[in-house]
Amino acid sequence: MNEPTVEAIHRVLAEIRHPDDEKSVIERGMVSGIVVKGKNVGFALEVPAADAQRLETLRRACEDAVKAMAGVSSCTVVLTAERGPPPEIQARRQQQGQQGQQGQAAPPGVPGIAAIIAVASGKGGVGKSTTAINLACGLRALGLRTGILDADIYGPSLPRMAGLSGRPTTADGKKMQPLEVAGVKVMSMGFLVDEETPMIWRGPMVQSALTQMLNDVAWGELDVLVVDMPPGTGDAQLTMAQKVPLAGAVIVSTPQDIALLDARKAINMFRRVDVPIMGIVENMSYFACPNCGQRTEIFAHGGAKTCADTYNVDFLAEIPLDIAIRETSDGGQPIVVSRPDTPQAAAYMDLARTIRDKLRGPSAAKAFPKIVYA
Ligand code: ADP
């Protein structure tokens, strides 16, 4: 028996009606973070915090309906508290036309954070997290108050890459204190979710953890928050792209055709939810031999530039395949901080400058409209 597909689960849930208005939980956009692991399914059902008790029956109905599907042996549904803006603000946003191509209202901004940008990739292992942490450190080095949020549910690697461990503390019992590396505030799934916890629990938890990490972390005033997205273009990624008020997305790809195919999917995913693409970074672009200095294009070269041209997005940077980048990244010492005078660090600094300028530029103002709370 094959694994149930997310689409099949959607179809089943489209039959489960909310008691208040007979709209289905899918129509109401309540379902997020569907995770399928063999015969086990898990997802979150977003409800207003005050309704959690009343909607327990709805939660159970969703669980039972999915459990009854062929190929499913267990289903876990968790209720997570919705944190949308008040209805009058939602209505005003809709009047202002801040809607994505799918018709959803833009998610609310996070107080104190001027801009949130996603670093994303169509698939894992292309150097997304390495790029994200070096970009964040680069932005900090340029004087921007910067944070980085590791939302990579499949393998939170920022604690390792930033050389951080331990659980965040809380001074007031409400807001978590982020950890810090080189002046960059860091929050990661890896600080909150036990690595041994099976994925089936992690998927739904992640949706609420992401909202919590955005809103319940003492970020303070930030000019920019870099979000290291989970790799891929599935349901979890799409939900995150929708839920986080993103000023833009940076797509990381390696030059091979196969990786670029996934990068295109990532571009399309962000476009679907109306998030501006800031551009593409080609990582592992070429190998510069540390001994003879010769440049070898191991994975071919220039594919990301062509992809950027085709999709009419900016080509942001080419980062070499380099042993020092790997060693510093995996050793918890981002190269921008630990070896700032190297050409590799300079490549990330150029990227950081481009992103800073884009955030200051007119397109950023358009992408991140100021919301006036009357
Ligand atoms: P992702 O976030 O896309 O899964 P990572 O940033 O975790 O990718 O990188 C995967 C591996 O590749 C890590 O071991 C990292 O150190 C290494 N790596 C990333 N970028 C480079 C690069 N430009 N040169 C050499 N190694 C790199």
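Residues numbered from 1 in each chain as written. Predicted model: local features only at pLDDT ≥ 70, side-chain atom pairs only at ≥ 80, totals over all residues. Heavy atoms only, no water.

Novice: With reference to specific residues and values, describe the pairing of strand 1 (residues 31–37).
Specialist: When you tally the buried positions in strand 1, you get six out of seven residues, the bulk of the element. Where strand 1 lies against strand 2 (residues 40–47), five bridges are found, and the strand directions are antiparallel. By the bridge assignment, Val-35 is partnered in strand 2 with Gly-42. (Buried < 20%, exposed > 50% of the residue type's maximum accessible area, 1.4 Å probe, protein only. Helix = DSSP H or I, 4+ residues; strand = E, 2+ residues; numbered from the N terminus. Pairing = 2+ DSSP bridges.)

Novice: Before we move on, could you go through the site of the ligand and cite the residues and values that matter?
Specialist: Around the ligand, 18 residues are found, and the nearest of them are Gly-125, Ser-129, Thr-130, Pro-320 and Asp-330. Within the backbone of Pro-320, a nitrogen or oxygen atom sits 2.8 Å from a nitrogen atom of the ligand. At a separation of 2.8 Å, an oxygen atom of the ligand approaches a polar side-chain atom of Asp-330. Here the ligand loses 85% of its free accessible area of 560 Å² to cover by the protein chains. (Near = heavy atom within 4 Å. Polar contact = N/O pair within 3.5 Å; in protein donor to acceptor, adjacent residues only side chain to side chain. Areas by Shrake-Rupley, 256 points an atom, 1.4 Å probe, with all protein chains shown as cover.)

Novice: Describe the environment of Gly-71, and please don't skip the residues or the numbers.
Specialist: Residue position: Gly-71 is located in the loop between helix 2 (56–67) and strand 3 (74–81). Given the relative accessible area of 16%, Gly-71 is considered buried. When the C-alpha atoms of Gly-71 and Lys-39 are compared, they prove to be 5.8 Å apart, with 32 residues separating the residues in sequence.

Novice: Describe the pattern of salt bridges, listing the residues and the values that go with them.
Specialist: On inspection of all chains with the given rule, the structure shows 18 salt bridges. Of the charged contacts, one joins Arg-28 and Asp-21 as a salt bridge, the two residues approaching to 3.2 Å between their closest N and O atoms. When its relative accessible area of 34% is taken as the criterion, Arg-28 is described as partly exposed. A salt bridge links Glu-56 to Arg-59; its shortest N-O distance comes to 2.8 Å. With Glu-56 and Arg-59 both in helix 2, this residue pair falls three residues apart, about one helical turn. Salt bridges here are not isolated pairs; linked through shared partners, they connect Glu-56, Arg-59, Arg-60 and Glu-63. (Salt bridge = Lys/Arg side-chain N within 4 Å of Asp/Glu carboxyl O.)

Novice: Tell me about the pairing of strand 7 (residues 184–188), and name the residues and values.
Specialist: Within strand 7, four of the five residues are buried, which leaves it mostly tucked inside the rest of the structure. Sheet analysis places strand 5 (residues 146–150) next to strand 7, joined by four bridges and oriented parallel. Bridging across to strand 7, Asp-150 finds its partner in Ser-188. Looking at chain direction, strand 6 (residues 179–181) and strand 7 are connected through three bridges and run antiparallel. Each bridged residue has a counterpart across the sheet, and for Glu-180 the counterpart in strand 7 is Lys-185. Counting the residues between successive antiparallel strands, the hairpin from strand 6 to strand 7 contains two residues, one of them, Ala-182, with a positive phi of roughly 45°.

Geometric values such as these leave the question of function open.
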